[in-house]
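# Architecture and fold: a report
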Amino acid sequence: MTELNSLRPGRAWRNWGRSEAARPAFTATPTSVDGVVAIVRRARDRGLAIKTIGAGHSFSAVAVASGIQLDVSRLEGIVDVNLAAGRVTFGAGTRLHRFPALLGPLGLALENMGDIDRQTIAGATSTGTHGTGATFGGLATRVVAVTMVTAEATILRISETENAELLPAARLGLGALGIIVDLTVQCVPSFLLAAVERPASFDDVLDDFEALATGADHFEFYWWPHTDGVMTKTNSRLPTDAERHPIGALAGWFEDRVLSNIALAAMCNIGRLVPAATPPLNRFATRAYGNRTYTDNSHDVFVSARTTRFREMEYAIPRAAVPQALRDVRDLIDGTGWRISFPIEVRVAASDDTWLSTANGRDTGYIAVHRYFRDDHEDYFLAVEQIMRSHQGRPHWGKIHYQDSESLAALYPHHGDFVAVRDRLDPDRVFTNPYLYRVLGP
Ligand SMILES: Cc1cc2nc3c(=O)[nH]c(=O)nc-3n(C[C@H](O)[C@H](O)[C@H](O)COP(=O)(O)OP(=O)(O)OC[C@H]3O[C@@H](n4cnc5c(N)ncnc54)[C@H](O)[C@@H]3O)c2cc1C
């Protein structure tokens, strides 16, 4: 264990989307909070920056380490439970896919989730990971307390009653404020989701977007470029004793594993060789996907397997702007002649008060564009970003974007407040990296 609590020579590291790579000077995998404290002391002695990493699922360079790459995967599992309040404290490195096994026996669940469950809880909340639902916020909005090791190698507790003024910053801190060792999540009683997946027309869904987005617990849709069709997904919350109608194991394997991953990879590879094949393949996809209903445990409905690697940019814009923004993206794709083999995902979230949340202060719609990881994403993402910026778009912190601290300060009313907390907690920039320099300043 001592070995793990000390510094080891760094190794080559790549993120999931293969958009970032690093070779940190050292890595450390502390097994205890004391181990984290010891590593911060050592980093300070040697003048090395520390970057904490979760599961490496950010597409942006937010998790890139050059000095010490600190892996908190050994700080894992439940640390404390307040069953009466439905609040559970998790080790920072707990992966989301462990949550059903950890929370299920307590009769609890996460209120809302994104598309996958490979991330760590601290990594997911630190970048503003979200799912969909007009009355639901992202994962960070459910964080009610954080324990972090500061740049001074001290332990700082932040909650509604301890250093409460720091909570709106610490819930979603980009790893810039300290090393989170545990965080407390407000959970909800376990529930089921009834999922309805249906094809629909692009224009119909955009014309009715406000009603669709606000008329269901969790509404989202995927649009395949070069087609007039979308796949809608509407999830309704049901009590846990409602009847389950899960997808059969074979059908689930075929639809989620074969269609959503293997066939998608094949389509992307064919599209790379023969770009003209992409529009007909996308039209085929709109017919093959998305016509089913099922009811299952919330985690199993929220989350899917994603094995086909891609890169992603996602923008948060005012919800009311989504129809126009997506039509602008369609005009862009049609006008340039690009062949885009990956669907565009549209989701929503409620306004919240977390300072760097993409939904801070406004009901939000999300438009996410993707490219197969072997395709060049840059021209497409840059052009879509221009459209999103014309709608006051805020980029997802964990996904590719090209904005900097100056432009972001104009988009976030509390950007300056966050930087002031960073100045207070990490004046010597022990926890910085080039990405944080870009989005928060030196
Ligand atoms: C296939 C795929 C699907 C995705 N789906 C969604 C989705 O549906 N919705 C969505 O919003 N996002 C989604 N994302 C983005 C993803 O949720 C975020 O990028 C998330 O941050 C990744 O978590 P991670 O554990 O891999 O963190 P990393 O990427 O490793 O780190 C992210 C940030 O968290 C910081 N951090 C990690 N641990 C700590 C700690 N203990 N203390 C302080 N800082 C810490 C790091 O320093 C870094 O700044 C998806 C990504 C992929 C690859």
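Refer to the structure printed above.
The text that follows walks through the structure, step by step, so that each part is easy to find. Only a predicted model underlies this, so the values are computations on that prediction, with no experimental measurement involved.

### Observations regarding the overall build of the chain
Along the backbone of the chain there are 15 helices and 21 strands. Computed over C-alpha atoms, the radius of gyration of the chain comes to 21 Å, within 12% of the 22 Å expected from 2.2 N^0.38 for 442 residues, which places it in the range of a compact globule. In terms of principal-axis extent, the alpha carbons of the chain reach across some 60 × 50 × 40 Å. Counting every position in the chain, which comprises 442 residues, the buried fraction comes to 48%.

### What about the site of the ligand?
In the region of the ligand, 33 residues are neighbours, and Gly54, Gly114, Gly123, Gly175 and Gly398 sit closest. Elements supplying a minimum of two residues to the shell around the ligand: β5 (50-53), α4 (121-126) and β12 (179-186). Sort the elements by how many residues they give to the shell around the ligand and α4 lands first, with four residues. By residue class, the composition of the shell around the ligand is 13 nonpolar, 17 polar and three charged. Taken domain by domain, the makeup of the shell around the ligand includes at least three residues from each of domain 1 (78-189) and domain 2 (191-400).

### Quick look at the sheet that holds strand β6 (residues 68-71)
If you trace the four strands from one edge of the open sheet to the other, you get β1-β4-β6-β5, paired in mixed fashion. Where the open sheet ends on each side, the last strands, each with one partner, are β1 (8-9) and β5. As judged from the three bridges shared by strand β4 (residues 26-28) and β6, these two strands associate in the parallel manner. Following the sheet pairing, Ala28 is matched in β6 by Leu70.

### Thoughts on the pairing of strand β11 (residues 155-159)
Relative to β11, strand β10 (residues 143-149) runs antiparallel, the two being bridged by five bridges. What sits directly across from Val146, in β11, is Ile158. In sequence, β10 turns back onto β11 through a hairpin of five residues, with Ala153 there showing a positive phi of about 65°.

### Thoughts on the sheet that holds strand β7 (residues 78-82)
With antiparallel pairing, five strands are arranged side by side in an open sheet as β7-β8-β12-β10-β11. Looking at which strands have only one partner, the edges of the open sheet turn out to be β7 and β11. Adjacent strand axes in the sheet meet at a mean angle of 15° when their direction is disregarded. Inspection of the sheet shows β10 paired to β12 by six bridges, in the antiparallel sense. By the bridge assignment for β12, Val146 is matched with Leu183. Strands β10, β11 and β12 of the sheet are contacted by helix α2 (residues 33-46), whose axis makes an angle of about 50° with β10.

Each value, and the rule that gives it
- Residues numbered from 1 in each chain as written.
- Predicted model: local features only at pLDDT ≥ 70, side-chain atom pairs only at ≥ 80, totals over all residues.
- Helix = DSSP H or I, 4+ residues; strand = E, 2+ residues; numbered from the N terminus.
- Rg over C-alpha atoms; globule rule 2.2 N^0.38 Å.
- Buried ≥ 20, exposed ≤ 12 C-beta atoms within 10 Å, placed from the backbone.
- Near = placed C-beta within 6 Å.
- Nonpolar A, V, L, I, M, F, W, Y, C, P; charged D, E, K, R; others polar.
- Domains from an automatic or database assignment.
- Pairing = 2+ DSSP bridges.
- Axes fitted to C-alpha atoms, helices over the stretch in contact; angles between N-to-C directions.
- Contact = placed C-beta atoms within 7 Å.

Spatial relationships are all this shows, so hold off on functional conclusions.
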